[in-house]
Each structure stands twice: as structure tokens, then as C-alpha cells.
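# Reading the structure
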Amino acid sequence: MAIMKYISLIIVLVVVLVTPQAEAQVVPSIPPIGVVTVLNVTGVVGCSLNGSINPSPPFPYAVVDLTCGGIVIAFNTTNLSGAFTILLTPVQTSSALSYGACKVVVYTPLAKCNATLPSTGTLKAPVQIVRSTIIGLLNTLFAVPTGPFNLLG
Ligand SMILES: *[C@@H]1O[C@H](CO)[C@@H](O)[C@H](O)[C@H]1NC(C)=O
Ligand SMILES: *[C@@H]1O[C@H](CO)[C@@H](O)[C@H](O)[C@H]1NC(C)=O
Ligand SMILES: *[C@@H]1O[C@H](CO)[C@@H](O)[C@H](O)[C@H]1NC(C)=O
Ligand SMILES: *[C@@H]1O[C@H](CO)[C@@H](O)[C@H](O)[C@H]1NC(C)=O
Ligand SMILES: *[C@@H]1O[C@H](CO)[C@@H](O)[C@H](O)[C@H]1NC(C)=O
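An account of the accompanying structure is given in this report. Just so you know, these numbers come straight off a predicted model, no measurement behind them.

Calculation criteria
- Residues numbered from 1 in each chain as written.
- Chains lettered and ligands numbered in written order.
- Predicted model: local features only at pLDDT ≥ 70, side-chain atom pairs only at ≥ 80, totals over all residues.
- Heavy atoms only, no water.
- Helix = DSSP H or I, 4+ residues; strand = E, 2+ residues; numbered from the N terminus.
- Contact = heavy atoms within 4.5 Å.
- Areas by Shrake-Rupley, 256 points an atom, 1.4 Å probe, with all protein chains shown as cover.
- Disulfide = S-S within 2.5 Å.
- Buried < 20%, exposed > 50% of the residue type's maximum accessible area, 1.4 Å probe, protein only.
- Near = heavy atom within 4 Å.
- Polar contact = N/O pair within 3.5 Å; in protein donor to acceptor, adjacent residues only side chain to side chain.
- Nonpolar A, V, L, I, M, F, W, Y, C, P; charged D, E, K, R; others polar.

## Let's talk about the overall build of the chain
- Of the regular secondary structure elements, the chain holds two helices and eight strands.
- Reading the secondary structure of the chain in the N-to-C direction produces α-β-β-β-β-α-β-β-β-β.
- Long-range contacts, defined here as pairs at least 24 residues apart, represent 57% of the contacts in the chain between residues at least 6 apart.
- For the chain, the exposed area adds up to about 9400 Å²; of that, 66% sits on carbon and sulfur atoms.

Here it is as C-alpha cells:
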């Protein structure tokens, strides 16, 4: 009996220790039949060489492309706060997931928000899926830029 309790305790500890890691991985799981999956990419673009709004002002009305495998999947425009949302259709989502290597690319040159900043090159940042929710038959994957943008030719 004592040894059974000991083994049970070990199993409980293993489950407790392993579960948070498994949750943190956020690899899109294969959803049940009938569920559609959409990717929702959000972020904020600042008017600076690293695209940060801290301490720079936001970059309003900037066109932001979502590219995956170097192919433009969809785009949207930042609002006055520099925030953008790119919500993919299920078809675009399946392309994005199969191409992989998704990035947000700020198509509008930085000089548009500040004439002293470069008029060539584009701000780019890789994006990563950070969480997902399944509500009814809709599986939404939420993705954000992984860090600061880089100005690349
Ligand atoms: C997209 O994600 C943003 C940030 O999490 C959220 O505010 C917005 O409601 C989401 N839109 C949809 C349609 O899921
Ligand atoms: C972005 O650049 C500014 C200077 O323009 C700097 O103060 C800030 O710390 C940088 N932010 C990040 C996230 O690298
Ligand atoms: C821009 O969009 C963000 C995220 O949806 C929102 O929180 C913010 O209030 C919007 N800013 C303006 C000026 O509309
Ligand atoms: C573009 O952004 C607006 C405002 O956030 C949002 O309502 C719309 O669904 C977005 N369109 C796409 C294609 O993501
Ligand atoms: C424009 O960019 C320059 C160079 O980075 C910076 O010194 C200046 O503060 C910026 N102006 C505004 C209004 O953000």
C-alpha cells in the first residue's frame, strides 16, 4: 500500500509538472471535424527604426502585410494608435500554416510618418502563435510579432 501511494504521488507530480509545458507549446493541434480554423494576427507599429512605440509615436495608416514563406497572404492598415489586425479566412489560414515562416511586413516606408526616417527598406518581424480558442466550430489562432521589427532592404 505504501509503495502504491508513493507511485500515485509521483504520477500526480509528473502530471502537475508536465501540463504547463504542454500548454505553453501552442503548436496548433488538429481540430475536430467540422471546426474551421482562422488566424488572427495583431500588433502595434511605432514610427521608429525598430517599430517600437516606446518611446516613439505610433505609425498610423501604415499598410501591414502578413507574408508566409515570402508570399503575401493578407494585409490591413494600422489605426491612429499604430494597431493592426489581420484576420485570415479559413483558406488563407491553411495557406499560411502550410507555407510557415510568417512575418508582418510594414509596406509603407517609415519616411511617411517621419520625414527624417528612411524612405527605403521595410520593417519586418516574425510572428508566432501565442494562444488559441475554440468557440463552437470556430478555432481562432492568435498570433503576434515575436519582438521588435528590423528595417530590412
Ligand atoms: C483578434 O485578436 C485581438 C487581440 O487578441 C482581439 O482583440 C480581437 O477581438 C480578435 N478578433 C477576432 C475576430 O478574433
Ligand atoms: C527601439 O529603439 C528606441 C530608440 O529609437 C529604443 O529607445 C528602444 O529601447 C528600442 N526598443 C526595442 C524594443 O528594441
Ligand atoms: C486602435 O486599435 C486598438 C486595438 O484594436 C484599439 O485598442 C485602439 O483604441 C484603436 N485606436 C484608435 C485611435 O482607434
Ligand atoms: C482590418 O482591420 C479592421 C479594423 O481592425 C477589421 O475590422 C478588419 O476585419 C480587418 N480586415 C482584415 C482583412 O483583417
Ligand atoms: C523623427 O525621427 C528622428 C530621428 O529618429 C527623431 O529624432 C525625432 O524625434 C522624430 N520625430 C518625431 C515627431 O517622432
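## Remarks on the state of the cysteines
- On inspection of all chains with the given rule, the structure shows two disulfides.
- The disulfide partner of Cys68 is Cys102, and the S-S distance across this bridge is 2.1 Å. Measuring the twist about the S-S bond at about 105 degrees, one finds the Cys68-Cys102 disulfide to be right-handed. On the criterion of sequence distance, the pair formed by Cys68 in strand E2 (residues 63–68) and Cys102 in strand E5 (residues 102–106) is long-range, its members being 34 residues apart.
- Look at Cys68 and you get buried, because its relative accessible area is 0%.
- Of the residues examined, Cys102 reaches a relative accessible area of 14% and is grouped as buried.
- In the chain, the bonded cysteines, taken in the order they occur along the sequence, pair up as 1-4, 2-3.

## Overview of unusual backbone geometry
- Of note, the bond from Asn54 into Pro55 is cis; its omega dihedral lies within 30 degrees of zero at 10 degrees.
- Along the chain, Pro55 turns up in the loop between strand E1 (36–44) and E2.
- A positive phi angle, near 55 degrees, is found at Tyr61, a position not held by glycine.
- Tracing the sequence through the fold places Tyr61 in the loop between E1 and E2.
- In this structure Tyr61 comes out as exposed when scored by relative accessible area, which is 57%.
- Backbone geometry at Ala101 places phi at a positive 45 degrees, although glycine is not the residue there.
- Looking at the element boundaries, Ala101 is found in the loop between helix H2 (90–99) and E5.

## Points about the site of ligand 1
- All residues adjacent to ligand 1 are Asn40, Thr42, Leu87, Arg131, Thr140 and Phe142.
- For ligand 1, an oxygen atom lies 2.4 Å from a polar atom in the side chain of Asn40.
- When contributions to the shell around ligand 1 are tallied by element, the ones reaching two or more residues are E1 and strand E7 (138–145).
- A breakdown of the residues in the shell around ligand 1 according to their chemical character gives two nonpolar, three polar and one charged.

## Points about the site of ligand 4
- In the vicinity of ligand 4, the residues found are Asn76, Thr85, Ile86 and Leu87.
- The contact in question runs from an oxygen atom of ligand 4 to an N or O atom on the backbone of Thr85, over 3.3 Å.
- Relative to its free-state accessible area of 360 Å², ligand 4 is covered by the protein chains to the extent of 43%.
- Partitioned by chemical class, the residues of the shell around ligand 4 number two nonpolar, two polar and no charged.

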